[in-house]
Amino acid sequence: TMIDLTIKEDFPKSEIEFDQRFSNIDACYDNLAQTRWSNGFICEKCGHNAYWITAKYIYICTKCEHQYSLTAGTIMHGTKKPITYWFKAMWWFTTRKSGVSAVNLQELLGLGSYNTAWAWLQKLRRCTVRRDRGKLSHRVEVDEFVIGGKKPGKRGRGADGKTIVYVAVERYLKRNPQTSEMYWKMGRNRLQVALDYSSYSLETFINHNVKKGSIVATDKWRSYQPILSTRYNHELINPLDQKGPASGLYGAHLIVSLVKRLIRSTYQGRLEPKYLQNYLDEYVFRFNRRKSRSIGKKFMRIVQQVVKSCKINNKDIQFDLNPISEYFSLGLSA
């Protein structure tokens with residue numbers, strides 16, 4: 001069933017309020033039910049709206065007796081930990097500026113296994129991307145960069161042993177209420193691990209993330225030329241013409257520098273490429289909500305995404321057995 005993605009004002013606005021509201025199992029399951037059935041329970045099989053709840057929080061339609069589990073088929077499928085643990089993990093994951101690491105989560109929840117904490121965070125990171133999220137618009141700066149340890153040889157495009165990442169950053173004009181002057185403001189961004197620099201890969205990334213008709217600003221790399229002439233207004237940028245925040249690819253370069261600095265400072269460049277997209281998705285989730293007036297909204301967004309999520313078996317996630325390499329969680333350092 002479709003879930004209403006509008007976040008109502010009924011969300012915790014502080015950790016104290018969170019603890020008061022979600023300290024017991026009943027409150028957590030009630031919230032999951034309200035998230036799943038925003039307009040009240042409706043049986044997907046017969047359309048009836050009456051139900052009863054078992055001691056194990058299974059919702060059963062009183063007419064056809066079809067059963068619904070609020071955790072089955074989601075990332076919480078088959079969990080043996082109390083639902084209150086998951087809610088606390090979601091709160092820490094979304095509300096801490098630098099996120100929460102597997103080591104931290106294991107300690108905070110008193111989990112006996114580091115792998116359990118690590119798997120929970122990997123599953124939550126996969127819930128940071130809305131399938132129907134809106135595309136970037138206005139003026140969108142697009143660029144690519146590489147992530148990887150220091151290795152000899154060619155730098156930049158064509159470097160070996162590096163992971164390629166595409167970046168797209170939304171910029172738009174906003175009026176300063178005090179001076180009435182217009183200035184370029186940073187909007188949302190997207191980060192995507194890529195296989196190569198081909199026109200096909202770049203076109204797929206741009207079409208998936210940028211609204212048709214938008215201004216797309218890029219450097220003069222030849223792969224951009226054939227893909228931006230029809231759907232978008234292509235703005236070619238000479239890197240030498242960069243003259244501050246209002247020109248060139250300032251927004252894209254800023255995001256690149258923030259991500260690289262973050263990885264150098266917290267991971268010392270030791271980040272497994274197979275997990276990189278999950279961490280980039282978490283970074284984008286935090287960055288795009290950096291100006292949110294309430295931390296509770298970010299928490300409720302993750303709850304919505306978890307309710308809509310699909311089952312992920314622990315065996316499908318290859319555990320990182322070295323806590324040191326995942327000691328810190330990606331966060332926004334700006």
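Everything discussed here concerns the structure shown above.
Remember, predicted model here, so these are calculated numbers, not experimental data. (Residues numbered from 1 in each chain as written. Predicted model: local features only at pLDDT ≥ 70, side-chain atom pairs only at ≥ 80, totals over all residues. Heavy atoms only, no water.)

Asker: Honestly, the pattern of salt bridges in this entry has me stumped. Any pointers?
Answerer: Side-chain pairing between opposite charges can occur once the charged atoms of the two side chains come close. The full count for this structure, using the stated rule, is 10 salt bridges. Its salt-bridge partner being Asp132, residue Arg130 comes within 3.6 Å of it at the nearest N-O pair. We classify Arg130 as partly exposed; its relative accessible area is 21%. Of the charged contacts in the structure, one is a salt bridge between Arg139 and Glu141, with a shortest N-O distance of 2.7 Å. Glu141 matches Arg139 in its accessibility class, with the two residues each being buried. A cluster of three or more residues bridged by salt bridges with shared partners is formed by Arg139, Glu141, Arg171 and Glu235. (Salt bridge = Lys/Arg side-chain N within 4 Å of Asp/Glu carboxyl O. Buried < 20%, exposed > 50% of the residue type's maximum accessible area, 1.4 Å probe, protein only.)

Asker: Would you mind going over helix α4 (residues 102–109) with me for this structure?
Answerer: Along an α-helix, residues three or four positions apart point the same way, because every turn accommodates 3.6 residues. Restricting attention to buried positions, one finds in α4 the residues Ala102, Val103, Leu105 and Leu109. Taken around the axis of α4, the buried residues stretch over an arc of 165°, which confines them to a single face. Close packing links the buried residues of α4 with α3 (83–95) and α5 (114–125). One or two residues past the end of α4 sits Gly110, with phi positive at roughly 70°. (Helix = DSSP H or I, 4+ residues; strand = E, 2+ residues; numbered from the N terminus. Arc of directions from axis to C-beta. Contact = heavy atoms within 4.5 Å.)

Asker: Before we go on, may I ask you to explain the environment of Gly213 in this structure?
Answerer: Position of Gly213 relative to the elements: it lies in the loop between α6 (199–209) and β7 (215–218). Among the residues examined, Gly213 registers a relative accessible area of 45% and is labelled partly exposed.

Asker: Sorry, what's going on with the sheet that holds strand β5 (residues 163–175) here?
Answerer: What holds strands together in a sheet is hydrogen bonding between their backbones, with the strands either parallel or antiparallel. Taken in spatial order, the five strands make up an open sheet running β6-β5-β4-β7-β8, and their pairing is mixed. At either margin of the open sheet sits one strand with a lone partner, and together these are β6 (182–194) and β8 (233–236). In this sheet, neighbouring strand axes are inclined to one another by 25° on average, regardless of whether the strands run parallel or antiparallel. When β7 meets β8, the two strands line up parallel, connected through four bridges. (Pairing = 2+ DSSP bridges. Axes fitted to C-alpha atoms, helices over the stretch in contact; angles between N-to-C directions.)

Asker: When you look at the sheet that holds strand β2 (residues 58–61) in this model, what are you seeing that I'm missing?
Answerer: Spatially, β1-β2-β3 is the arrangement adopted by the three strands of the open sheet, whose pairing is antiparallel. The outermost strands of the open sheet, each flanked by one partner alone, are β1 (51–53) and β3 (67–69). Strand-to-strand, the axes of this sheet are offset by a mean angle of 25°, without reference to chain direction. Pairing analysis gives three bridges linking β1 to β2, with the strands arranged antiparallel. Its bridge partner being in β2, Tyr51 is matched across the sheet by Cys61.

Asker: Just checking my understanding: could you explain the packing of aromatic side chains for this structure?
Answerer: Aromatic rings considered in pairs are described by the distance between their centres and by the relative angle of their planes. Following the criterion strictly, the structure yields 19 aromatic pairs and no others. Ring geometry for Tyr51 against Tyr59: centres 5.1 Å apart, planes inclined by 35°, an arrangement best described as tilted. On the basis of relative accessibility, which here comes to 38%, the residue Tyr51 falls in the partly exposed class. Look at Tyr59 and you get buried, because its relative accessible area is 4%. Within the aromatic cluster, the residues linked to one another by ring pairs are Phe18, Phe22, Phe87, Trp91 and Phe299. Cation over ring: Arg286 sits above Phe93, and NZ or CZ is 5.4 Å from the ring centre. (Phe/Tyr/Trp six-rings, centres within 6.5 Å; stacked < 30°, edge-to-face > 60°. Lys NZ or Arg CZ within 6 Å of the ring centre and 35° of its normal.)

Asker: Help me out: how do you make sense of the side chain of Thr71 in this one?
Answerer: Its place among the elements puts Thr71 in the loop between β3 and α3. Residues in contact with Thr71, not counting those within four places in the same chain, are Tyr29, Met76, His77 and Ile83.

Asker: How should the pairing of strand β4 (residues 139–147) be read in this particular structure?
Answerer: On any regular strand, side chains alternate: one points to one face of the sheet, the next to the other face. For β4, the buried fraction is high: nine of the nine residues fall into the buried class. Burial of β4 is two-sided: the residues Arg139, Glu141, Asp143, Phe145 and Ile147 facing one way and the residues Val140, Val142, Glu144 and Val146 facing the other way are all buried. Where β4 lies against β7, three bridges are found, and the strand directions are parallel. Across the sheet, Val140 pairs through a bridge with Val216, a residue of β7.

Asker: Help me understand the environment of Trp37, please; the structure alone is not making it clear to me.
Answerer: Mapped onto the secondary structure, Trp37 falls in the loop between α2 (25–36) and β1. In contact with Trp37, not counting residues within four places along its chain, are Ile42, Tyr59, Tyr68 and Leu70.

Note that all results are geometric; they support no functional claim without further evidence.
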